[in-house]
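Here are the chains, one letter per residue:
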Amino acid sequence: MSDVFISGAGLAGMILAARLAQRGLSVTICDPAPPPRDADVAGSDLRSTAYLDPSRQVLEAAGLWADLAPHAMPLDALQVIDTTGWPPVERERRVFRPDDVGLQSFGWNVPNWRARAVLADRLAAHPGVDLRLGTGFREMLARDTSVLVTLDDGTTLRTRLVVGADGRTSPVREAAGIDVRTTRYSQKAFAFAACHDLPHENVSTEIYNSGGALVTVPLPDHNGRPTSAIVWMDEGRRARSLEAAGSDAFADALGHRTLRILGAMRPVTQIRSWPVVTQTATRLAAKRTVLVAEAAHVLPPIGAQGLNTSIADIAALALAIDPADPGAQAALDRYAAARARDMRLRSTAIDLFNRLCRSGNPLVQGVRRTGLGALHDIAPLRIRVMQAGLGGDLSGRR
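Residues numbered from 1 in each chain as written. Predicted model: local features only at pLDDT ≥ 70, side-chain atom pairs only at ≥ 80, totals over all residues. Heavy atoms only, no water.

### Points about the overall build of the protein chain
For step 1, the next point in the chain: In terms of regular secondary structure, the protein chain is built from eleven helices and 21 strands.
For step 2, the next point in the chain: Over its C-alpha atoms the protein chain spans a radius of gyration of 21 Å, differing by no more than 12% from the 21 Å that the globule rule assigns to 398 residues.
For step 3, the next point in the chain: Taking all 398 residues of the protein chain together, the buried fraction comes to 53%.
For step 4, the next point in the chain: Sequence separation of at least 24 residues holds for 72% of the intrachain contacts in the protein chain that already meet a minimum separation of 6.
For step 5, the next point in the chain: Positive and negative side-chain charges in the protein chain, numbering 46 and 41 respectively, have mean positions lying 4 Å apart. (Helix = DSSP H or I, 4+ residues; strand = E, 2+ residues; numbered from the N terminus. Rg over C-alpha atoms; globule rule 2.2 N^0.38 Å. Buried < 20%, exposed > 50% of the residue type's maximum accessible area, 1.4 Å probe, protein only. Contact = heavy atoms within 4.5 Å. Lys, Arg positive; Asp, Glu negative; His and termini not counted. Charge placed at Lys NZ, Arg CZ, Asp CG, Glu CD.)

Shown next as structure tokens:
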């Protein structure tokens, strides 16, 4: 019998497995899809994650950061640009720097497909982790002292705690009878890597325009050329038009959308897309079962909140559970209480911010422009918001 069974060997599931193993727990983790070893392989995750400083600390505690650091690009500044119209016209620009909050870098950006492959190799060699790739969760039966888990290859195993880290359509969440609340925006998001003419100088840029935000995040050079990860949100009808456009037309639209601040830009990976939603689980825990990451919450891809919020789940769960009985209900309730409030506030804030960013209404755009100036120019407000973005308390409570 293992101490903990984790369904889902994505980034969050593997980070959690390593962190719990560091605490002396035996962990079994499974996933039906082995990690792709190249960006162009079917199923590879072309998003990247800017691991903010609190997340880096969790990765260090899990013994993983040394494996990821060689693939990481530091984020030395965040540039925010407000635009209007098409082709977009710049109206306001501000630059936020990490020394305002006592840091050398806001975070370190790593492509998700590469991080997952690196972590899979690390866990495969970990004596406290039983990594089962190519095998998925099928069903479970929770009892008072353990859970009987059946995998999709017919294998059964017994564990003291089941963790659902298996994504927005989580089979564990469904098996536990936990519902979700979903907000849809009629938006889609594109994710890809692109080469460009000018160096990014380790600066990440968010550009607002009607339809949503576009974010460029620094990556290491590709074939000797400066490269950035791109996440581009737009309203559904325009996104479908972009999907149908040829590569030259897409690159031309990308140039307009980025104001050519990095010069000419062209995708160098496949372009993946998905619908933008906010989704939160109605509960985080059931009998000897708990949810983390996208099984618990899905956020629009703004402000590097997605995986960093998931890593905050991991930190809270690792702290809450008792190694003597990791599935004890009191421990799971402590975790749920610790995370539910932050998730509620964070999802509400990101929802409102996304609505503000995507609006084409001139009055709302005026508020957005004024707010950006105030956010940067009023130092206490700038520092407070930057701290919240790094994972601090969104309520302002001390």
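### A look at the nonpolar core
For step 1, the next point in the chain: Ile 6, Tyr 51, Val 149 and Val 163 are the most contacted members of the largest nonpolar core, which totals 70 residues.
For step 2, the next point in the chain: Among the elements that take part in this core, helix H1 (residues 11-22) stands out by supplying nine residues, more than any other.
For step 3, the next point in the chain: Those residues in contact with Val 149 that sit more than four places away from it in its chain are Phe 5, Phe 137, Glu 139, Met 140, Thr 155, Thr 156, Leu 157, Thr 159 and Val 162.
For step 4, the next point in the chain: The next biggest cluster of nonpolar side chains, apart from the first, holds 20 residues, and it includes Ala 189, Ala 191, Ala 193 and Met 233. (Core = buried A, V, L, I, M, F, W, Y, C linked by side-chain atoms within 4.5 Å.)

### Considerations on the packing of helix H8 (residues 306-320) against helix H9 (residues 329-358)
For step 1, the next point in the chain: One way to put it is that H8 packs onto H9 with a least axis distance of 9 Å and a crossing angle of 155°. Taken as axis vectors, H8 and H9 run roughly antiparallel relative to one another. In this structure, H8 meets H9 at a crossing whose hand is right-handed. Mapping the contact onto sequence places Thr 309, Ala 312, Asp 313, Ala 316, Leu 317 and Ala 320 in H8 and Ala 331, Arg 334, Tyr 335, Arg 339, Met 343 and Arg 346 in H9.
For step 2, the next point in the chain: By residue class, the composition of the contact of H8 with H9 is seven nonpolar, one polar and four charged. (Axes fitted to C-alpha atoms, helices over the stretch in contact; angles between N-to-C directions. Parallel < 35°, antiparallel > 145°, perpendicular 65-115°, else oblique. Left-handed = near helix turned anticlockwise from the far one by under 90°. Nonpolar A, V, L, I, M, F, W, Y, C, P; charged D, E, K, R; others polar.)

### Focus: helix H7 (residues 247-257)
An α-helix turns once per 3.6 residues; consequently, residues spaced three or four apart project the same way.
For step 1, the next point in the chain: Residues Phe 250, Ala 251, Ala 253, Leu 254, Gly 255 and Arg 257 constitute the buried set of H7.
For step 2, the next point in the chain: One or two positions beyond H7, positive phi appears at Leu 259, with a value near 60°.

### So, the sheet that holds strand E3 (residues 48-52)
For step 1, the next point in the chain: Taken together, three strands build an open sheet; the order of strands is E3-E7-E4 and the sheet is antiparallel. Of all the strands in the sheet, just E3 and strand E4 (73-75) have a single pairing partner and so form its edges. Sheet twist, expressed as the mean angle between neighbouring strand axes with direction ignored, is 35°.
For step 2, the next point in the chain: In this sheet, strand E7 (residues 107-111) lies alongside E4 in antiparallel orientation, the contact comprising three bridges. (Pairing = 2+ DSSP bridges.)

Limitation: the analysis is restricted to geometry and does not speak to function.
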